[in-house]
4 protein chains.
Amino acid sequence: MIAGVIGATGYAGAELVRLLSGHPEVEKLVLSSVSFEGERIEDIYPGFLSRVSYPLLKAEDVISSSDVVFSALPHAVGEPYAAACMEKDIHFIDLSADFRFDDDEETYSAWYGKQYKYPELHKKSIYGLPEMNRQKIKEAAAKGKVIIGNPGCYPTAATLGILPALGSAAQEGGTIIVNAVSGISGGGREPSRSFHYSECADSISPYKIASHRHSPEIARNIARFIESSHPERQAQKIIFTPHLAPMNRGILSTIYIPLRDEWRVTPVNSNRPQSKEMEIKTEEILNLYAGFYKNEPFVRMLPKGVTAAANRVRQSNFCDICVSLDINGSTLIAATAIDNMVKGAAGQAVQNMNIIFGFNETAGLQAIPILF
Amino acid sequence: MIAGVIGATGYAGAELVRLLSGHPEVEKLVLSSVSFEGERIEDIYPGFLSRVSYPLLKAEDVISSSDVVFSALPHAVGEPYAAACMEKDIHFIDLSADFRFDDDEETYSAWYGKQYKYPELHKKSIYGLPEMNRQKIKEAAAKGKVIIGNPGCYPTAATLGILPALGSAAQEGGTIIVNAVSGISGGGREPSRSFHYSECADSISPYKIASHRHSPEIARNIARFIESSHPERQAQKIIFTPHLAPMNRGILSTIYIPLRDEWRVTPVNSNRPQSKEMEIKTEEILNLYAGFYKNEPFVRMLPKGVTAAANRVRQSNFCDICVSLDINGSTLIAATAIDNMVKGAAGQAVQNMNIIFGFNETAGLQAIPILF
Amino acid sequence: MIAGVIGATGYAGAELVRLLSGHPEVEKLVLSSVSFEGERIEDIYPGFLSRVSYPLLKAEDVISSSDVVFSALPHAVGEPYAAACMEKDIHFIDLSADFRFDDDEETYSAWYGKQYKYPELHKKSIYGLPEMNRQKIKEAAAKGKVIIGNPGCYPTAATLGILPALGSAAQEGGTIIVNAVSGISGGGREPSRSFHYSECADSISPYKIASHRHSPEIARNIARFIESSHPERQAQKIIFTPHLAPMNRGILSTIYIPLRDEWRVTPVNSNRPQSKEMEIKTEEILNLYAGFYKNEPFVRMLPKGVTAAANRVRQSNFCDICVSLDINGSTLIAATAIDNMVKGAAGQAVQNMNIIFGFNETAGLQAIPILF
Amino acid sequence: MIAGVIGATGYAGAELVRLLSGHPEVEKLVLSSVSFEGERIEDIYPGFLSRVSYPLLKAEDVISSSDVVFSALPHAVGEPYAAACMEKDIHFIDLSADFRFDDDEETYSAWYGKQYKYPELHKKSIYGLPEMNRQKIKEAAAKGKVIIGNPGCYPTAATLGILPALGSAAQEGGTIIVNAVSGISGGGREPSRSFHYSECADSISPYKIASHRHSPEIARNIARFIESSHPERQAQKIIFTPHLAPMNRGILSTIYIPLRDEWRVTPVNSNRPQSKEMEIKTEEILNLYAGFYKNEPFVRMLPKGVTAAANRVRQSNFCDICVSLDINGSTLIAATAIDNMVKGAAGQAVQNMNIIFGFNETAGLQAIPILF
């Protein structure tokens, strides 16, 4: 089976090349790059030397010779390639935001400043968060070629930390706060002041407060899940604040979910450490989450006492989750950790490919996190 | 004027030595260290060579020859020194938590596992956050010798981000969330697994979720301020989650404060970027904060478009604050940044000394933040 | 095939567990830990959760049920286990320094302060640098069970950068300087001031100048290679200076080798950038090295213009090498990069296992370096 | 006294602004910036807020209203400003390389690719390393206005580590190797791939091996010092290899100087730790260096057992030096540490200003290094 990667020299593209090169079902890769056409991937990333060696071609060459095409291009340029793939009858997995909003062009346009050029493609595209849409992807793939809008990194980390609470634990209509921190690779390979070493090392700061493009994606995921799985429940409000921290990879989301009354514990004194009663409730929450994800190959509920940490999922496709009850007994605190380049981008894209083709869902994604 | 430092070889102690060595009113320092008694401070911190040179004596020697004593000892060992200072009629500024809870021994004991040995000292001690208690400190110092409970690092960053909202903007009784990230120096100089380079570099994770000792201190600050300044208003609930990030110094707190109705803006669509109306409200919030802090020498309200960042206050006594309105128009997002070793510890202690002695409040604290 | 790891909870031990868990010929691991006996490896390293799960037993249990035993214990405690393995007729691969000095007990004792307890074991042990001793290891393994003294991290990086020059390019009797920089994981998992985050982050410094234990190991390697491969040539002197830099993993060695006359180029003016003639000579040096390593699966000669970098070999078993000619035309500058935990410890141990058992030498070691 | 800074918004320029703002003799600054003309320095560096506030003007405005002009422009653009300053009869201190090569236009052109436009200015310019040229600077300033070529960061760290050995200890004609590591701020404020966080964090690598522009500057310093102070001695050869390490600031140079016979110690066995005799010789070397620098306010000879470390000089104008004898007894190993932005750039420029104006040489440069 031949996999193609358009935009192979950006960080997400290169990570796809790394993962697909070790995939047991992928015999060969075909790669393209606008910036480095004519060179080879191992010239651009010498880390590939002796392991991976491919020329960088044109996008057209990729599409004409692949069984599935991954697009790791920036936003707003990939639609024609999606169209070409559909025409050529091959699957298209897009790592940009272009196909994440289905037919909600209005929201997409409001945040990305572009119109849909092929509206019909967006009607058939599927948001590729397997933990939400696995069945949908499978069914679509059984019927024909699919377009996957691979989720954003923050939305992946945020959504997975919230979903299990939406059925019963979360207070209906309550405001869920996602305070997320990303490693610098999330900014991509293009140099800029924000990601210049001397500007971001040894520091941390929020950015695009109340204005990051991943806000509507997270909100949409939560709304969609409630509509489909718990249509009787009210919508939740979402607040999302991204931060940049001096680490290469990883996203750590700390999520605050107000609990509905029956999940709350009234502390004798909220100025005291957790009571026994609160510990018991914390365990119930842990069980709720563990039950929700019991069949998920890439979600790890951390045991009591272990907190989610960016370095514990590095290079793996895992999403680690830990849960706590706040000191007032009224808010669930979930923390999730992913590798932004794997579960937050290339790894999830491969997971989607595995689902589409009926491969073992963990094929090519069994790396043990690097430990330190 | 002679300043003494007990516990001078821990990080907070050494930072005190650094700051006091450049203080225009301090002629001489007297230092003690249990671990390194008999050595010299510049042996322990060779960075001091050619600039600072003092022997490390016993605590008793410090007390017997100083006009003010700073204690940078761990929690629960400093009370006898406070008593000795009162007896000798000199001021005592304690950087541990021992004198932060006034006469609320119950809360102190619940979190620190110790009883007060000199309860009467705690009745007279003052919580040394100048932005809350400057007047109280001045008045007490005018009457006699004082004991200052110098605030914790997280409580300083959190409290300063919340106070201005308590008078009118914050929803009464609402839950305020403080999501805070600290640099590793906050863990002190003693080696341990949590602060071992290979365990915490290139990562970020929460710790002591719902169980950190700074929780009750933050909650107490907020409660006290409401009681004294806005007694008609209900109490707020506080959620505090600390994280560790790979930076040497700094605390970045991202604070979520639900707004009361008149401060809210109803967005046409909460799935859209901020409206004009929301931008106007954000400016009102900025003005509210700027007004509150207009006479504070160490609080900087950042202009629109600049976010608080740990590296922008490094080595200074500043607390930087930026404010935003969330995308739903109902929550104030304030981010504050301090250097945990300066405004979060030694710098604030020097600021308290300046207030006590009637020095210019910024004396010895005029360093420009290191820029990169 | 069952592999055992004694001392599985230190960094080298855990890295062995990570690599062996993905090895195609290893069916099962048996692990021991003195510090954590009775717990499980995934409790100590939660990164292993869902991927690796083993109890931590006693060393005896490991030896009694393994086909090969890796020892990742500290220096000077492993000899009895080596003896037990020989008695039980299984291979023993020691990651400590105990078996790196063959029968040269005097040097070992001078540097490690211990005597040999089982001198005969040292006579049969083999220094496990495959690029020097592959044949020797193969032959010994064909005849019986072997004891491998797995090389130190610095000696691996240094030796591989020097060997190709010893046959003809290096000036006989000249002094070779190895200026090496290690990531902090080289200091192991035990907390100490030197590896405390706040002490070593955002800095670099040399340590144990002229007194590091890896000095005699490097010198011995060079001497041994000359004796065996170029007995007509004089010995070289070695200077080795280790440094600590703020990175998790990796060693970067910059090596200065004075050239013999026929390899020198006389620059017209040594105050000018490289001449054409010097570039040609540089290429000859590159060819010399490339020829020397042409059959080595884990040594990568970098193409012209690419320099060795610690992050380009991360998590792989590669040793990257780049070579240059100094501006005076008289010194070869080689830079080598390895992952100190892989080629510098656990990966090389697995490579040795592969050679012993006749597996494909790259089995279990085919990971592509993590790219960023 | 009014100080002007041309190119105030680059890193060296901003550091000048920071240092000059705290200088007791400087009443006012006048700043210019090509990129940000019309804005204010505190808009570009919000860390300056509440401390430093100046408009960014044109270079002409700076020259017309200053008593001394610092130029922090890139190479090859500052000459006309130097000419204008001479015409206006004010001192000019250039942080670029333009005035570092005196009348040796050939070397300058070979490395920087530009011709001198005002050759006569280069005849009168002085290389501003006070430890070499203090007297020369003083004398010139007594006679008229001066042009200072402020030294490069690497040349400062390298030269100071070598000078004391040139009189007697160094082997005449021997090759001195400077293996230097710089923090990323050395690359300036302009974003580029080399200094992009994800490319250089958590790694180390050499760059511009045998081709860095600071090579001829170091070589020239050594040659000039020998010519002037020890004209009877032969020249030394210099090898210089720069590296980039993941730290914000700092340069650490490890320098290998072959010793002449009378300074050597023949080890009984070079495969053994240092002998008593070698320790004694090390102390002699330390004394040699300490004597050489005994009146230097910014050179600190570290006591035995303390090694030079980049974080120990941070933000100070110090150059720390430690010395050792190699294990073979024949090479002096000196390690030097400076803050590349202070002693390696802006601080040294201020030191030069102090010398020119007859201020206390440490005025404005008395900051204690930040300790952690």
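Being a predicted model, the structure only gives us computed values, none of them experimental. (Residues numbered from 1 in each chain as written. Chains lettered and ligands numbered in written order. Predicted model: local features only at pLDDT ≥ 70, side-chain atom pairs only at ≥ 80, totals over all residues. Heavy atoms only, no water.)

Moving on: the overall build of chain A. From N to C terminus, chain A includes 12 helices and 14 strands. Taking 372 residues into account, the globule formula puts the C-alpha radius of gyration at 21 Å, and chain A, at 21 Å, falls close to it. Taken across its 372 residues, chain A has 66% of its residues classed as buried. Partitioning the contacts of chain A with sequence separation of at least 6, the portion at a separation of at least 24 is 72%. On chain A, roughly 12000 Å² of surface is accessible, and the fraction owed to carbon and sulfur atoms is 48%. For chain A, the separation between the mean place of its 36 positive charges and that of its 41 negative charges on side chains is 3 Å. (Helix = DSSP H or I, 4+ residues; strand = E, 2+ residues; numbered from the N terminus. Rg over C-alpha atoms; globule rule 2.2 N^0.38 Å. Buried < 20%, exposed > 50% of the residue type's maximum accessible area, 1.4 Å probe, protein only. Contact = heavy atoms within 4.5 Å. Areas by Shrake-Rupley, 256 points an atom, 1.4 Å probe, with all protein chains shown as cover. Lys, Arg positive; Asp, Glu negative; His and termini not counted. Charge placed at Lys NZ, Arg CZ, Asp CG, Glu CD.)

Turning our attention to the side chain of Arg189(A). Along the polypeptide, Arg189(A) turns up in the loop between β8 (175-182) and α9 (197-200). There is no salt bridge for the buried Arg189(A), and the closest opposite charge comes from Glu199(D), which lies 4.1 Å off by N-O distance. Within the structure, Arg189(A) has its side chain in polar contact with the side chain of Tyr45(A) (distance 3.4 Å). Sequence-distant contacts of Arg189(A), that is, excluding residues within four places in its chain, are made with Thr9(A), Tyr11(A), Phe36(A), Ile44(A), Tyr45(A), Arg193(D), His196(D) and Glu199(D). (Salt bridge = Lys/Arg side-chain N within 4 Å of Asp/Glu carboxyl O. Polar contact = N/O pair within 3.5 Å; in protein donor to acceptor, adjacent residues only side chain to side chain.)

Glancing now at the interface of chain B and chain D. With 34 residues of chain B at the interface, the matching set in chain D holds 34 residues. Roughly 3000 Å² of surface becomes buried between chain B and chain D when both sides are summed, with 69% attributable to carbon and sulfur atoms. A per-residue breakdown of the area chain B buries against chain D is headed by Arg51(B), Leu371(B) and Phe372(B), which together make up 28% of the total. Put simply, chain B and chain D have 0 salt bridges between them. Per element, the largest residue contribution to the side of chain B that touches chain D is 5 residues, and it comes from helix α1 (residues 11-21) of chain B. (Buried area = accessible area lost by both parts, 1.4 Å probe.)

All names here are of chain D. Take Thr362: it is sitting in the segment after α12 (342-357). Side-chain polar atoms of Thr362 contact the side chain of Gln366, separated by 2.9 Å. Those residues within four positions of Thr362 in sequence are excluded, and the remaining contacts are Pro297, Phe298 and Asn354.

As enumerated under the stated definition, the model contains 79 salt bridges over all chains in all. The partner of Lys343(B) in a salt bridge is Glu131(B), with the nearest N and O atoms 2.8 Å apart. Taken as a pair, Lys343(B) in helix α12 (residues 342-357) and Glu131(B) in helix α7 (residues 130-143) lie far apart in primary sequence, 212 residues in all. Across the pair, exposure class does not vary: Lys343(B) and Glu131(B) are buried alike. With its nearest N and O atoms 3.1 Å apart, the salt bridge here joins Glu37(D) to Lys58(D). One end of the pair, Glu37(D), is in the loop between β2 (28-32) and α2 (41-44); the other, Lys58(D), is in the loop between β3 (56-57) and α3 (59-64), and 21 residues separate them in sequence. For Glu37(D), a relative accessible area of 41% gives the class partly exposed. Residues joined by salt bridges that share partners form a network here, namely Glu15(A), Arg18(A), Arg249(A) and Asp339(A).

Glancing now at the relation of the copies chain A and chain B. Mapping chain A onto chain B calls for a rotation angle of 180 degrees and an axial translation of 0.0 Å; the resulting RMSD is 0.0 Å. Between the two chains, the operation in question is that of a two-fold axis. Scanning chain A for the C-alpha nearest the rotation axis identifies Pro246(A), at a separation of 3.3 Å. Of the residues that chain A buries at the interface, 100% are likewise interface residues in chain B, meaning the two copies contact each other through the same surface. (Least-squares fit on C-alpha atoms with pLDDT ≥ 70 in both.)

Looking now at the sheet that holds strand β10 (residues 237-244) of chain C. All names here are of chain C. As summarised here, the arrangement of the 7 strands in space is β9-β10-β8-β11-β14-β13-β12, forming an open sheet in which the pairing is mixed. The strands lining the two open edges of the sheet, one partner per strand, are β9 (205-206) and β12 (299-301). Each of β11 (251-258), β12, β13 (319-325) and β14 (331-338) touches helix α11 (residues 276-292); the most contacted strand, β13, lies at about 150 degrees to it. (Pairing = 2+ DSSP bridges. Axes fitted to C-alpha atoms, helices over the stretch in contact; angles between N-to-C directions.)

Take helix α8 (residues 153-166) of chain D next. Residues and elements named next belong to chain D. With 14 residues, α8 should reach 20 Å at 1.5 Å per residue; the first-to-last C-alpha distance of 21 Å fits that figure. Maximal helix bending in α8 amounts to about 30 degrees, located at Thr159. For α8, a buried count of 14 out of 14 residues is recorded, marking the element as mostly surrounded by other parts of the structure. (Expected span 1.5 Å × (residues − 1). Bend = angle between axes of the 7 residues up to and from the residue.)

Turning next to the packing of aromatic side chains. Per the counting criterion, the structure on display carries 50 aromatic pairs over all chains. Look at Phe101(C) and Tyr112(C): their rings are 6.2 Å apart centre to centre, the planes differ by 55 degrees, and that puts the pair in the tilted class. Here the residue Phe101(C) occupies a position in the loop between β5 (91-94) and α5 (105-112), and Tyr112(C) occupies one in helix α5, the gap between them amounting to 11 residues. We note that Phe101(C), like Tyr112(C), is buried. Centroid distance Phe92(D) to Phe99(D): 6.3 Å. Interplanar angle 75 degrees. Geometry classified as edge-to-face. Classification of Phe92(D) by relative accessible area gives buried; the value is 0%. For Phe99(D), a relative accessible area of 0% gives the class buried. (Phe/Tyr/Trp six-rings, centres within 6.5 Å; stacked < 30°, edge-to-face > 60°.)

With 52 residues of chain A at the interface, the matching set in chain B holds 52 residues. Buried surface at the junction of chain A and chain B, summed over both partners, amounts to about 4400 Å²; 56% is from carbon and sulfur atoms. The three residues of chain A that bury the most area against chain B are Asp202(A), Ile204(A) and Asn271(A), which together make up 13% of that side's buried surface. Between chain A and chain B we count 4 salt bridges in total. A salt bridge links Asp202(B) to Arg314(A); the shortest N-O distance between them is 2.8 Å. Across the chain A-chain B interface, the total number found is 26 residue pairs in polar contact (both at pLDDT 80 or more).

With that settled, the discussion passes to the pairing of strand β14 (residues 331-338) of chain B. All names here are of chain B. Across the 8 residues of β14, 8 count as buried, placing the element largely inside the fold. Both faces of β14 are covered, namely the face carrying Thr331, Ile333, Ala335 and Ala337 and the face carrying Leu332, Ala334, Thr336 and Ile338. Bridge count between strand β11 (residues 251-258) and β14: 8 bridges; the pairing is antiparallel. Bridge pairing in β14 links Pro258 to Thr331.

Its rotation angle being 180 degrees, the transformation that places chain B on chain D also includes 0.0 Å of axial translation and leaves an RMSD of 0.0 Å. Of the interface residues in chain B, 100% have counterparts in chain D that sit at the interface too, so the contact is made through matching surfaces.

As a further point, take the packing of helix α7 (residues 130-143) of chain A against helix α12 (residues 342-357) of chain A. All names here are of chain A. As a packed pair, α7 and α12 sit with axes 9 Å apart at the nearest point and diverge in direction by 40 degrees. Note that α7 runs across α12; the crossing there is right-handed. Within the contact between the two elements, α7 uses Pro130, Glu131, Arg134, Ile137, Lys138 and Ala141 and α12 uses Lys343, Gln348, Gln351, Asn352, Ile355 and Ile356. Partitioned by chemical class, the residues of the contact of α7 with α12 number 5 nonpolar, 3 polar and 4 charged. (Left-handed = near helix turned anticlockwise from the far one by under 90°. Nonpolar A, V, L, I, M, F, W, Y, C, P; charged D, E, K, R; others polar.)

Think of a sheet as strands paired side by side through backbone hydrogen bonds, with each pair either parallel or antiparallel. The mixed open sheet is built from 7 strands, whose spatial order is β9-β10-β8-β11-β14-β13-β12 (chain A). Two strands close off the open sheet at either side, each with one partner strand: β9 (205-206) and β12 (299-301) of chain A.

Quick look at the confidence of the model for chain A now. The predicted model of chain A has a mean per-residue pLDDT of 97, with 100% of residues at 70 or higher. Reported confidence for the predicted complex is 0.97 by ipTM and 0.98 by pTM. (pLDDT = per-residue confidence, 0-100.)

Residue and element names in this part refer to chain C. Viewed as axis vectors pointing N to C, helix α8 (residues 153-166) and α11 meet at an angle of 105 degrees, and their least axial separation amounts to 9 Å. Here α8 lies roughly perpendicular to α11, going by the angle between them. In this structure, α8 uses Gly161, Ile162, Leu163, Pro164 and Ala165 to contact α11, whose residues at the interface are Leu288, Tyr289 and Phe292. Residue composition of the contact of α8 with α11, grouped by class: 7 nonpolar, 1 polar and no charged. (Parallel < 35°, antiparallel > 145°, perpendicular 65-115°, else oblique.)

Our next topic: the pairing of strand β1 (residues 2-6) of chain C. Residues and elements named next belong to chain C. For β1, a buried count of 4 out of 5 residues is recorded, marking the element as mostly surrounded by other parts of the structure. Sheet analysis places β1 next to strand β2 (residues 28-32), joined by 5 bridges and oriented parallel. Opposite Val5, over in β2, you have Leu31 as the bridge partner. Taken together, β1, helix α1 (residues 11-21) and β2 form a β-α-β motif whose crossover is right-handed. Of the pairings in the sheet, the one linking β1 to strand β4 (residues 68-71) comprises 4 bridges and is parallel in character. Across the sheet, Ile6 pairs through a bridge with Ser71, a residue of β4. (Right-handed = clockwise from strand over helix to strand, strands pointing away.)

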